[in-house]
Each structure stands twice: as structure tokens, then as C-alpha cells.
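# Observations on the three-dimensional arrangement
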Amino acid sequence: MAKQKPTSRAASRTAAQKKSPARKVAAKSTARKPIKAKARAQAPAKRARPKQHIAISHHRDEDFKADGLRSYAHYRDLGVAEASHGLAQAHVIRLIGPCNPDEVSKLHFHDVEFQMVYVLKGWVKTYLEGQGETLMKQGSCWTQPPRIKHLIMDYSDDVELLDVILPAEFKTVELSA
């Protein structure tokens, strides 16, 4: 069977290019090659975390202990640090009133990856770097980015806070005034 002639100039040019051996070599050399990603520092291998287990904590007044970070607070550990093998910690904090600003209002930061505070009861007045003074009432919640400078300015005699922090062990740095 005889080959048909191309019907247009563009078609005849395409047909001629297909037949040309020089075109085949040129086509191979200009063919798109997969783009390689720029060399990156290899991410550290993820280490396997120990298996977490369930933590259940029921409210009991006797579980509030004066064994935490601040002398003017009692802490109720919720068992999260142990259950998560140190991935996180959670506790309920009762600030003991009346508030003494000389003891309480010290600018500091925590060397953490994440921190969230939720007001369960009462109110607390805070200062957060970049945010300023804020009155947090029952139902208020805030996060504190890593190493943000902050302090407590005042609080009600009945205040209770839920505090969630990653990791469970961290350093707190008090700053001079």
C-alpha cells in the first residue's frame, strides 16, 4: 500500500522530521530528563517511640501536691507523662491565693515544643511577649509558643488551670527584671 502525502506544510515538516536520523539523535539529547531534587541534608531517622498506654485520672482533692515548679501552686498529675513515656505531660494547677505579685510575677520561659493552658475555674491575668496583658477567664484557652517570655500578673483565689506540655521534661529559665 502506498504512503499518503501529508496534506499541509506543518504535517509534511513533521513527517520529514520523523524520518530524519539526525532528528532522532537530537531528540534523544534534548529529551526531558527527570529533574533530580537538590541534595538535602538527610532527615534523622525516626526513632521508634515506646508504646503508649492508657492513663485515667479521676478528681480527688488529695491528689493535689505542692511538689511542682512553683511554690504558690498545687499540681495534680494526670498520668500523661508516664503513659506517653515522656512525650507529654498534663496536670491541673491550683494557684494558691491570694496572689503575691512579688512571688508570682517573674518573667520566664519554658524550653518546650508545645504548651497549652485552659482555665477550668476562676481567672488569671497573664502577660505574654508579643500579646501583652490578657485576662483569661473560665473557659479561656491559650497556647504558648516555645521559649515565649511570659508571667502571671494576678489570679483569683479559686483558679484552676489545665496545663499540657511537650515534652514532659523541660527546662524553665527565669529572667532578671
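Throughout this description, residue numbers start from 1 for each chain and increase along the sequence as written. Restriction of local features to residues with pLDDT of at least 70 applies here, the model being predicted, together with a cutoff of 80 or more for giving and counting side-chain atom pairs; totals for whole chains, interfaces and linings are based on all residues. Note: side-chain values were computed over all heavy atoms of the structure, leaving out hydrogens and water.

Right, let's get into the overall build of the protein chain. A run of H or I in DSSP becomes a helix once it reaches four residues, and a run of E becomes a strand once it reaches two; helices and strands are each numbered from the N terminus. Each helix and strand counted, the protein chain has four helices and ten strands in total. Its helices and strands in sequence order give the protein chain the pattern α-α-β-α-β-α-β-β-β-β-β-β-β-β, from N to C terminus. Only protein chains enter the area calculation, which uses a 1.4 Å probe; residues under 20% of their type maximum are buried, those over 50% are exposed, and those in between are partly exposed. Expressed as a percentage of its 177 residues, the buried residues of the protein chain come to 27%. It only takes one pair of heavy atoms within 4.5 Å for two residues to be counted as in contact. If you take every contact in the protein chain between residues at least 6 apart in sequence, the share linking residues at least 24 apart comes to 65%. With an accessible surface of roughly 13,200 Å², the protein chain has 54% of that area assigned to carbon and sulfur atoms. Working definition of accessibility: Shrake-Rupley area with a 1.4 Å probe, residue cover restricted to the visible protein chains.

Quick look at the side chain of T126 now. Of note, T126 is situated in strand β5 (residues 123-128). A relative accessible area of 3% places T126 in the buried class. Setting aside anything within four residues of it in sequence, one finds T126 in contact with G132, E133, T134, M136, W142, L151 and M153.

Salt bridge, as applied in this entry: a Lys or Arg side-chain nitrogen positioned within 4 Å of an Asp or Glu carboxyl oxygen. Tallying each qualifying case throughout the model produces nine salt bridges. Here D111 ties to R147 by a salt bridge, and the two come within 3.7 Å at their closest N and O atoms. Pair noted here: D111 is in strand β3 (residues 108-111) and R147 is in the loop between β7 (141-143) and β8 (150-155), with a separation of 36 residues, a long-range link. A relative accessible area of 46% places R147 in the partly exposed class. Residue E160 is joined to K121 by a salt bridge in which the shortest nitrogen-to-oxygen separation is 3.9 Å. In this pair, E160 is assigned in strand β9 (residues 160-166) and K121 in strand β4 (residues 114-121), connecting sequence segments 39 residues apart.

The aromatic pairing rule takes the rings of Phe, Tyr and Trp, using the six-membered ring of Trp, and pairs them if the centres are within 6.5 Å, calling planes under 30 degrees apart stacked, those over 60 edge-to-face and the rest tilted. Taken as a whole, this structure holds one aromatic pair when the rule is applied. Relative to Y155, the ring of Y72 has its centre 6.5 Å away and its plane inclined at 20°; by these criteria the two rings are stacked. Of this pair, Y72 sits in the loop between α2 (21-30) and β1 (73-77) while Y155 is found in strand β8, placing the two residues 83 residues apart along the sequence. Note on accessibility: Y72 and Y155 belong to one class, buried. Here the basic side chain of R94 rests over the ring of F64, its NZ or CZ set 3.8 Å away from the ring centre. For a Lys NZ or an Arg CZ to count as sitting over a ring, it must be within 6 Å of the ring centre and within 35 degrees of the ring normal.

Next up on the list: the sheet that holds β1. Strand pairing within a sheet occurs via backbone hydrogen bonds; the two strands may be parallel or antiparallel. Strand pairing is assigned whenever DSSP identifies at least 2 bridges connecting the two strands. Ordered in space as β1-β2-β9-β4-β7, the five strands form an open sheet in which the pairing is antiparallel. A single partner strand is all that each edge strand has here, and the edge strands are β1 and β7. Along the sheet, successive strands turn relative to each other by an average axial angle of 20°, direction set aside. Of the pairings in the sheet, the one linking β4 to β9 comprises seven bridges and is antiparallel in character. Each residue of the ladder has a partner; that of K121, found in β9, is E160. Every axis corresponds to a line fitted to the C-alpha atoms, with the helix fit spanning only the stretch in contact, and the corresponding angles, defined between N-to-C directions, vary from 0 to 180 degrees.

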